[in-house]
Amino acid sequence: MTASWNLDKVDGEDSVTVIPSSEMSALLTDVEVLSVLVLSQNFIATYPFPEAGEVTVGRSHSVEIYVDDPIVSRRHAILSATPAPSIRDLGSSNGTRVLGQQLAPGTTQTLAVGDVVMVGSTALLIQRGAATVRPRRFWTQEHFEDRLREECSRAERTGSRFSVACLQVGRHVPDVVVRQLLARTLRTSDVVGECGRAMYAILIVDTQPGQSRVVINRIAADLSQVAAGWGVAEFPGDGKTGDELLAKAQIVADEPGPGPALSGSEGRVVADAVTQELFRVADRIAAGDISVLILGETGVGKEVMAEEIHRRSPRRARPFLRLNCAALSETLLESELFGHERGAFTSAVAAKPGLLETADGGVVLLDEIGELPMSLQVKLLRVIEEKQVRRVGGLKSRLLDVRFLAATNRDLQEHAARGLFRMDLYYRLAGATLSIPPLRERPGDIEPLVRTFLLQASRHLGGQPATITTEALAALVAYRWPGNIRELRHVIERAVLLAGSAPITPAHLPVEKVEK
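The structure presented is a predicted model; accordingly, all values stated were derived computationally and were not measured. (Residues numbered from 1 in each chain as written. Predicted model: local features only at pLDDT ≥ 70, side-chain atom pairs only at ≥ 80, totals over all residues. Heavy atoms only, no water.)

Caption draft 1: Spotlight on the sheet that holds strand 19 (residues 292-295). Reading across from one edge, 20-23-26-19-27 is the order of the five strands in this open sheet, with parallel pairing throughout. The open sheet has two edge strands, strand 20 (320-324) and strand 27 (432-435), and neither has a second partner. For this sheet the average axis-to-axis angle between neighbouring strands, irrespective of direction, equals 20°. Here four bridges tie strand 19 to strand 26 (residues 403-408), and the two strands are oriented parallel to one another. Its bridge partner lying in strand 26, Leu293 is registered against Ala406. (Pairing = 2+ DSSP bridges. Helix = DSSP H or I, 4+ residues; strand = E, 2+ residues; numbered from the N terminus. Axes fitted to C-alpha atoms, helices over the stretch in contact; angles between N-to-C directions.)

Caption draft 2: Structural context of the pattern of salt bridges. Tallied over the entire structure, the rule returns 23 salt bridges. Two residues, Glu297 and Arg440, come together in a salt bridge whose shortest N-O distance is 2.5 Å. With Glu297 in the loop between strand 19 and helix 7 (302-311) and Arg440 in the loop between strand 27 and helix 13 (446-461), this residue pair connects regions lying 143 residues apart in the sequence. Glu297 gets classed as partly exposed once you look at its relative accessible area, which sits at 29%. Under the relative-accessibility criterion, Arg440 is labelled partly exposed at 28%. The partner of Arg391 in a salt bridge is Glu357, and the shortest N-O contact between them spans 2.8 Å. Here Arg391, found in the loop between strand 24 (388-389) and strand 25 (398-399), pairs with Glu357, found in helix 9 (residues 355-358); they are 34 residues apart in sequence, far enough to count as distant. Judged by its relative accessible area of 18%, Glu357 is buried. Through salt bridges that share partners, Glu341, Glu357, Arg391 and Arg398 make up one connected network. (Salt bridge = Lys/Arg side-chain N within 4 Å of Asp/Glu carboxyl O. Buried < 20%, exposed > 50% of the residue type's maximum accessible area, 1.4 Å probe, protein only.)

Caption draft 3: Structural detail: helix 15 (residues 484-499). When the terminal C-alpha atoms of helix 15 are compared, their 23 Å separation across 16 residues agrees well with the 22 Å that a helix rising 1.5 Å per residue should span. Considered for burial, the residues of helix 15 that qualify are Asn484, Ile485, Glu487, Leu488, Arg489, Val491, Ile492, Ala495, Val496 and Ala499. Of the residues flanking the end of helix 15, it is Gly500, one or two places downstream, whose phi is positive at about 65°. (Expected span 1.5 Å × (residues − 1).)

Caption draft 4: Structural view of the sheet that holds strand 5 (residues 54-58). A sheet is described by the order of its strands in space; here five strands give the open sequence 6-5-7-8-11, paired in mixed fashion. In the strand order of this sheet, the two ends are held by strand 6 (65-66) and strand 11 (108-110), each with one partner. When strand 5 meets strand 6, the two strands line up parallel, connected through two bridges. Along strand 6, the bridge assignment pairs Gly58 with Tyr66.

Caption draft 5: Representation of the packing of aromatic side chains. All chains considered together, the criterion is met by three aromatic pairs. With centroids separated by 4.6 Å and ring planes inclined at 90°, the aromatic side chains of Tyr479 and Trp481 adopt a geometry described as edge-to-face. Using a relative accessible area of 0% as the deciding quantity, one classes Trp481 as buried. (Phe/Tyr/Trp six-rings, centres within 6.5 Å; stacked < 30°, edge-to-face > 60°.)

Caption draft 6: Highlighting helix 2 (residues 141-158). Helix length check: helix 2 (18 residues) gives 26 Å between terminal C-alpha atoms against 26 Å at 1.5 Å per residue, within 8%. Those residues of helix 2 not exposed but buried are Gln141, Phe144, Glu145, Arg147, Leu148, Glu151, Cys152 and Ala155. Down the axis of helix 2, the sector holding all buried residues measures 160°, keeping them to one side. Among the exposed residues of helix 2, those pointing more than 90 degrees away from its buried face are Glu142, Glu150 and Arg157. After helix 2 finishes, the residue Gly159 shows a positive phi value of roughly 80°. (Arc of directions from axis to C-beta.)

Caption draft 7: Inspection of the side chain of His310 at higher detail. The residue His310 is located in helix 7 in this model. Once you skip the residues sitting within four places of it in the chain, His310 turns out to touch Arg315, Arg316, Arg318, Pro319, Phe320 and Val363. (Contact = heavy atoms within 4.5 Å.)

What follows is the structure in structure tokens.
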């Protein structure tokens, strides 16, 4: 069963619930109070869905639903209330898509609660309930850091105080949920921006010593269901520059609390002696700036390890970006990695910086590096050696300061022997190598992982913490886990759903997990 996220009110408080898709797809009726959530890269707002007649969606400030997106047309589409809620494309330049399907110009598509409409690169989400979110801009990391530097200069001149908070969010939580909760909760004067992967930074201006903690405690209470961690740094006690303040707030947000240390989508648990030694080595490697090659079977937590290295490194206040080398075609991968100039190919209507440029000063994880085409291996090698990048179709190179991490489940040396991977690139990427053992070789991690995933799954469903019987736990510990941590997490999520409020027993586990 698929599910969608929704925001509801419970006893006057915001809460995040999961709505089965079968309920979300029920057609809207004209007696419902509806709203449209607008979520672009740097802007979020909600608008009332018209109770009668129609409203225009577009980039023009004269339309009823304004969308801050350069590739949205000035008058892009029409939302209509009767005879049923619907949308009609007005012949926009970049089209309108409903549930992934492109609308022909002039075509009308009926809408349902939970439907996602894409206009340009902006999502419109049809929701039940009145519009309650005031428009709020979400700053990019670069612009937020510029704004923070300005605030540091102002505070230095005037003697004022301010604070910076970092919110670490579980990556299972959609951006739309986090941003809507932030928009509802933050004060008008607060400034919020991106601060790396699954993290938001909040600038809380004009706060006296200790007062920021009161503000953050209130915000944290409102966002308790999506927050994985908070960190706060105060000017000037915790730092006098933007970089110092962000680094301090991020370190606190990343510090593990009581119980297993968690990180990433699959969770970091350091219980088995093998895992403890691995992370001790990783901490020492993180302090340097050499490239790191992370090896391991599918699902062992290679991306989690990469995120840990970034968090423990001197670059922790700078971007962490991940590119899956197996997910894109060769042409698209080249454009995403190196960027392109206007006119470099047919659809290049504007210049675009590549992933490497946007991560300047930070860390780039090249996931599935063994799938990188040979032609791009040559270009990547040149970037690493020369510390410069040239966009597709460009004539000049740009200086680049990036730390490379790479991850793969392939034997790259064997690939190189077969002519499938460049040995010189391998040596450049493998400045240090970390090999993560499969879960079956570190059984001491299984029970803590099970406990961790039980708690996470219960929180996501909004229920009481799930429990597990001794027999079910023993079956999980005895299983070989060919899919490693990822497989274990999926099994636990399924078991929590099947068990409901009862303890998890072997009957709630897949048959192969309990067979001797």
